[in-house]
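Structural overview for review
Here is how the chains run, residue by residue.
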Amino acid sequence: AVVSTQSGHYGREFKAEIEADDSGDPPIALVSRKAKQRIEQFIRTKKSLVKERLSETLDVVKEISVVGRPVDKEEGVMEYITSNLPECDAQDPELQNIMLDSAGTFYNDSFLVDDIAVEDVALLEAEGWACVSVLEHLTIWKKTLVEENLSLYKIFGSFDSISAVEFYNAQVNDQYRSVWDKSVNNLYVVDNITNNREIVYWATKFPFPLQDRDYVFERSHSLDDKKEEIVIASRSITHKAKPEYPGKLVRVYQYGSKLVIKANQGLYEKGMSYVLTYYDDFGVPIPNQVKDRMATTKIPEFLDKVHEAALYLGTTGKLYVPYPEPHSPTLRRSVS
């Protein structure tokens, strides 16, 4: 099933609807780097054959479309191929094999996170947000989506003793997070899509009596060196390589987050601020009071640990940033 939200994004909503969806056309955005190369080669090969036939009959060479163009987040593999090859035979054995190889991977829900990244009280309240906690270094806002039966949280915070790059590395260094975050059972990259996007598996411990949860999500990174800003966005997906583990873990199907990290003076200079917006459906009915209490206690505790991890990573001399976007000038990717 495809649903729309106020933000204008589209996606599949619930697991039952996912299972009932027989479109069989996974999003091209979630295809692995290796599979994408195979698709592009298939398109090039077919286009060259078409050119040969045209040259033989009409003595001309005709371009159909441009392979490798930017893709729509929701565009399917078949849709992408046929947009490049309008006369492509859907029953082509190689094409069928490509579809089979990509099947079983898709977005679980609409990405419900908004783009508000400044703590403008009037704007936040006008958009349905309410402040639920004010602490020394952060404030927590909440927004309830009644139709989705879901709560969104937005955290505004800052640290003077770490840089934006150090904070970013503490968020995406999965190997080190497994050391400092004792709630992690498993956390690793399943597949790399591009230099700045990957599929991640995350299994986490939950307090008794709740059963432990696991997540599969797409994680993307972007760097705007002009704004001195780094963004990490995560969105839950279903991936054929990571099926559920019934009886052991409860799979979370509705999860999304967006972390905007902004440097005060420079990406590598001390002093930064952040905005974290996220939603997380645990899969069981939990009273709102309990959710709010978890958010207002666990989030500050977690962010303090992230801060400590960032301080340590800053001493290692091994810091990385996302690959610059095409319009950005070359920026160093590691610091010694």
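Values in this document were obtained by computation on a predicted structure and should not be read as measured data.

Following the sequence through the fold, His-307 ends up in helix α8 (residues 288-316). In this structure His-307 comes out as buried when scored by relative accessible area, which is 15%. Each C-alpha atom of the pair His-307 and Gln-171 lies 9.7 Å from the other, and the pair is 136 residues apart in sequence.

The next thing to look at is the pattern of salt bridges. Following the criterion strictly, the structure yields eight salt bridges and no others. In this structure, Asp-114 and Lys-154 form a salt bridge, with 2.7 Å as the shortest nitrogen-oxygen distance. Taken together, the residues Asp-114 in the loop between β3 (106-107) and α5 (121-126) and Lys-154 in strand β6 (residues 150-163) connect sequence positions 40 residues apart. Note on Lys-154: relative accessible area 0%, which makes it buried. Arg-197 serves as the salt-bridge partner of Glu-218, at 2.5 Å between the closest nitrogen and oxygen. Taken together, the residues span a long stretch of sequence, with Glu-218 in strand β9 (residues 213-224) and Arg-197 in strand β8 (residues 197-204) at a distance of 21 residues. Exposure class is identical for Glu-218 and Arg-197. Each is buried.

Attention shifts here to the side chain of Asp-181. Looking at where Asp-181 falls in the secondary structure, it is placed in the loop between α7 (174-180) and β7 (184-194). Residue Asp-181 is classed as buried on the basis of its relative accessible area of 5%. Polar side-chain contacts of Asp-181 include one of 2.7 Å to the side chain of Ser-183.

Our focus in this paragraph is the pairing of β6. With 11 of its 14 residues buried, β6 lies for the most part within the structure. Hairpin connection between strand β5 (residues 138-145) and β6: a loop of four residues separates the two successive antiparallel strands, and Asn-149 in this loop has a positive phi of roughly 55°. As defined by bridge partners, β6 adjoins strand β13 (residues 270-281) across nine bridges and the pair is classed as antiparallel. Across the sheet, residue Gly-157 finds its bridge partner in β13, namely Tyr-274.

Burial within strand β12 (residues 254-263) is extensive, with nine of its 10 residues counted as buried. Across seven bridges, the pairing between strand β10 (residues 229-238) and β12 is antiparallel. Following the sheet pairing, Ile-232 is matched in β12 by Leu-259. Taking the residues that link successive antiparallel strands as the turn, the β12-β13 hairpin has six residues.

It is worth spelling out the nonpolar core at this point. Buried together is how nonpolar side chains tend to be arranged in soluble globular proteins. Ranked by size, the top nonpolar core spans 33 residues in total, and within it Ile-155, Phe-167, Ile-230, Ile-261, Met-272 and Tyr-274 carry the most contacts. Every element with two or more residues in this core is listed here: β5, β6, α6 (164-172), β10, β12, β13 and α8. Ranked by residues supplied to this core, first place goes to α8 with seven residues. Leave out the neighbours within four places in its chain, and Ile-230 touches Val-165, Tyr-168, Ser-222, Leu-223, Leu-259, Val-260, Ile-261, Leu-267, Val-321 and Pro-322.

In terms of burial, α6 is a largely internal element, nine of the nine residues being buried. Those residues of α6 lying buried are Ala-164, Val-165, Glu-166, Phe-167, Tyr-168, Asn-169, Ala-170, Gln-171 and Val-172.

Positive phi outside glycine occurs at Asn-149, with the angle close to 55°. Note that Asn-149 resides in the loop between β5 and β6. For Asn-149, a relative accessible area of 64% corresponds to the exposed category. At Glu-228, a residue that is not glycine, the phi angle is positive and equals roughly 55°. Here Glu-228 shows up in the loop between β9 and β10.

What counts as what
- Residues numbered from 1 in each chain as written.
- Predicted model: local features only at pLDDT ≥ 70, side-chain atom pairs only at ≥ 80, totals over all residues.
- Heavy atoms only, no water.
- Helix = DSSP H or I, 4+ residues; strand = E, 2+ residues; numbered from the N terminus.
- Buried < 20%, exposed > 50% of the residue type's maximum accessible area, 1.4 Å probe, protein only.
- Salt bridge = Lys/Arg side-chain N within 4 Å of Asp/Glu carboxyl O.
- Polar contact = N/O pair within 3.5 Å; in protein donor to acceptor, adjacent residues only side chain to side chain.
- Pairing = 2+ DSSP bridges.
- Core = buried A, V, L, I, M, F, W, Y, C linked by side-chain atoms within 4.5 Å.
- Contact = heavy atoms within 4.5 Å.

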